[in-house]
Amino acid sequence: MAVIRVELLGGLGNQLFQAAAGFALAQRTGTELEFDISRFRAAGSRAYGLDGLAHGARIVGGPRDGAGRLINRVGRALSFGRAKAPVGWHGSAFRERDYAYDARFETLTAPCYLSGYFHSERYFAPAEEQVRRAFSLEPQLGEKARAFAASMAPESLAVHLRVGDFKAAQHFNAVHGTLGMAYYRNAIALARAARPIDEIYVFTDTPDAIPALIPPGTPYRAVTGHSAPEDLYLMSRARAHIIANSTFSWWSAWFDPRPDKLVIAPRAWLAPEALRKTYIGDLYPEGWVML
């Protein structure tokens, strides 16, 4: 049976990019879709996060413990001449070359195994409306989040502060960097100048960091007590968006379907040294404001 199988890894934002690319390819080739979740740990903070959605993918593999992950890694290394193909895979395999959009994706046929990050809307733009329906996070909302969504101000601004995981891991921080008050101060000023703002909602994994990043005297409401999918969904309900250098908040802005939405995104998506070596132009959809 011809299928498109996608290797999923990372947090919810990364999983959405990978899954959306695979979904769009399966739509184009008229084949079934599978998600390989064998890269996830049997226990840990990052887990497969797309259960209960309308993508229709079949799940293969499963979270592994330390020994299982090692065996899986060795098996992949022995897949000679095949880009990250897992043991037992008999189709082609594709891995993106780098951060830029890889036009070879447009020539792929099934069966094909995809591995990479696919951080560009261009991978799934031909199936945009289907992707919005297939990966809507609304089925994962609890009653508390649904009530909050219904109560949000009509002209609201969602601000995402990402601090905790980048700061906690030296390696990640060296590559991704963290955004300072200057970005948020300028972004909030720009949003207020561009449109009326009734209320500012701040979403963050580190609430203690809010006073250091939000300009003094700025009225805001810290949003806490929700799951990661709920936070992403709630951010998407705002009318304007200030995102962090985070695929998580990238998706929150993308899921807002309104053509007149305002999205402000950081040019400093990566730390300075990594940014000098990496082309990130394909990351930002048309119309987003880079600051």
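Bear in mind the structure is a predicted one, so any value in this text is a computation, not a measurement.

**Q** I'd love a proper account of the overall build of the protein chain, names of residues and values included.
**A** Scanning the protein chain from terminus to terminus reveals 11 helices and 11 strands. The buried share of the protein chain, taken over its 291 residues, is 52%. Sequence separation of 24 or more characterises 66% of the internal contacts of the protein chain that already satisfy a separation of 6 or more. Of the accessible surface of the protein chain, which amounts to about 13500 Å², a share of 54% is contributed by carbon and sulfur atoms.

**Q** Which residues make up the sheet that holds strand β3 (residues 58-60), and what are the values?
**A** The 5 strands are arranged β3-β2-β1-β5-β4 in an open sheet whose pairing can be described as parallel. Looking at the sheet topology across the chains shown, the edges are occupied by β3 and β4 (92-95). Pairwise comparison of adjacent strand axes, ignoring direction, gives a mean angle of 25° for this sheet. The sheet contact formed by strand β2 (residues 32-36) and β3 spans 3 bridges and is parallel. Note that in β3 the partner of D36 across the bridge is V60.

**Q** A description of the pattern of salt bridges should follow, citing residues and the corresponding values.
**A** Applying the stated criterion to the full structure yields 14 salt bridges. Close ionic contact of D102 with R104 constitutes a salt bridge, the shortest N to O distance being 2.7 Å. Residue classification places R104 among the partly exposed positions, given a relative accessible area of 32%. One salt bridge in this structure joins R132 and E128, with 3.1 Å as the shortest N-O distance. Taken together, the positions of R132 and E128, both in helix α3 (residues 128-134) and 4 residues apart, correspond to about one turn of that helix. A relative accessible area of 14% means that R132 is categorised as buried. Salt bridges sharing common partners tie together R5, E32, E34 and R58.

**Q** Please give an account of the confidence of the model for the protein chain that cites residues and values.
**A** With 87% of its residues at a pLDDT of 70 or more, the protein chain has an overall mean of 89. Low pLDDT, under 50, characterises residues 64-69; the predicted model gives this stretch 10 contacts beyond four residues in sequence or across chains. Low confidence marks residues 75-82, where pLDDT is under 50. Its contacts with residues over four positions away, or in another chain, come to 15 contacts.

**Q** Got a sec to walk through helix α9 (residues 228-236)? Specific residues and values, please.
**A** Summarising burial for α9: 8 of the 9 residues are buried, a large majority. Among the residues making up α9, those that are buried are P229, E230, D231, L232, Y233, L234, M235 and S236.

**Q** Could you give an account of the sheet that holds strand β10 (residues 262-265), naming the residues involved and the relevant values?
**A** Backbone hydrogen bonds are what pair the strands of a sheet, in a parallel or an antiparallel way. Read across the sheet, 6 strands follow the order β8-β7-β6-β9-β10-β11 without closing on themselves; strand pairing throughout is parallel. For this open sheet the edge positions go to β8 (221-223) and β11 (289-290), each flanked by a neighbour on one side alone.

**Q** Any details on the packing of helix α1 (residues 12-29) against helix α10 (residues 247-254)? Residues and values, ideally.
**A** Look at α1 against α10: their axes get within 6 Å of each other, and the N-to-C directions meet at 60°. The angle between α1 and α10 places the two elements in the oblique class. Judged by the sense of rotation from one axis to the other, the crossing of α1 with α10 is left-handed. Together, L12, G13, N14, L16, F17 and A20 of α1 and T247, F248, W250 and W251 of α10 make up the contact between the two elements. Grouping the amino acids of the contact of α1 with α10 by side-chain chemistry returns 7 nonpolar, 3 polar and no charged.

**Q** Residues and numbers for unusual backbone geometry, please.
**A** Backbone geometry follows two general trends: most residues other than glycine have a negative phi, and most peptide bonds adopt the trans configuration. Looking along the chain, the bond that leaves A110 and enters P111 is cis, with omega of 0°. Inspection of the secondary structure puts P111 in the loop between β4 and β5 (112-115).

**Q** Would you mind going over the nonpolar core in detail, with residue names and values included?
**A** Core analysis: the largest hydrophobic core is formed by 66 residues, its most contacted members being F35, L50, L114, F124, F135, W250 and W251. With 10 residues, α1 is the single largest residue contributor to this core. Once residues within four sequence positions are removed from consideration, F35 is found in contact with V6, L8, A19, Y48, L50, H55, A57, R58, I59, V60 and F135.

**Q** Could you give an account of the side chain of S252, naming the residues involved and the relevant values?
**A** Mapped onto the elements of the fold, S252 is located in helix α10. Not counting chain neighbours up to four residues away, the residues in contact with S252 comprise L232, M235, S236 and H241.

**Q** Give a description of the packing of α9 against α10 that names residues and reports values.
**A** Direction vectors running N to C along α9 and α10 enclose 45°, while the axes themselves pass 7 Å from each other. One way to sum up the angle between α9 and α10 is to call them oblique. α9 and α10 meet at a crossing whose hand is right-handed. Within the contact between the two elements, α9 uses A228, D231, L232, M235 and S236 and α10 uses F248, S249, W251 and S252.

Criteria and thresholds
- Residues numbered from 1 in each chain as written.
- Predicted model: local features only at pLDDT ≥ 70, side-chain atom pairs only at ≥ 80, totals over all residues.
- Heavy atoms only, no water.
- Helix = DSSP H or I, 4+ residues; strand = E, 2+ residues; numbered from the N terminus.
- Buried < 20%, exposed > 50% of the residue type's maximum accessible area, 1.4 Å probe, protein only.
- Contact = heavy atoms within 4.5 Å.
- Areas by Shrake-Rupley, 256 points an atom, 1.4 Å probe, with all protein chains shown as cover.
- Pairing = 2+ DSSP bridges.
- Axes fitted to C-alpha atoms, helices over the stretch in contact; angles between N-to-C directions.
- Salt bridge = Lys/Arg side-chain N within 4 Å of Asp/Glu carboxyl O.
- pLDDT = per-residue confidence, 0-100.
- Parallel < 35°, antiparallel > 145°, perpendicular 65-115°, else oblique.
- Left-handed = near helix turned anticlockwise from the far one by under 90°.
- Nonpolar A, V, L, I, M, F, W, Y, C, P; charged D, E, K, R; others polar.
- Core = buried A, V, L, I, M, F, W, Y, C linked by side-chain atoms within 4.5 Å.

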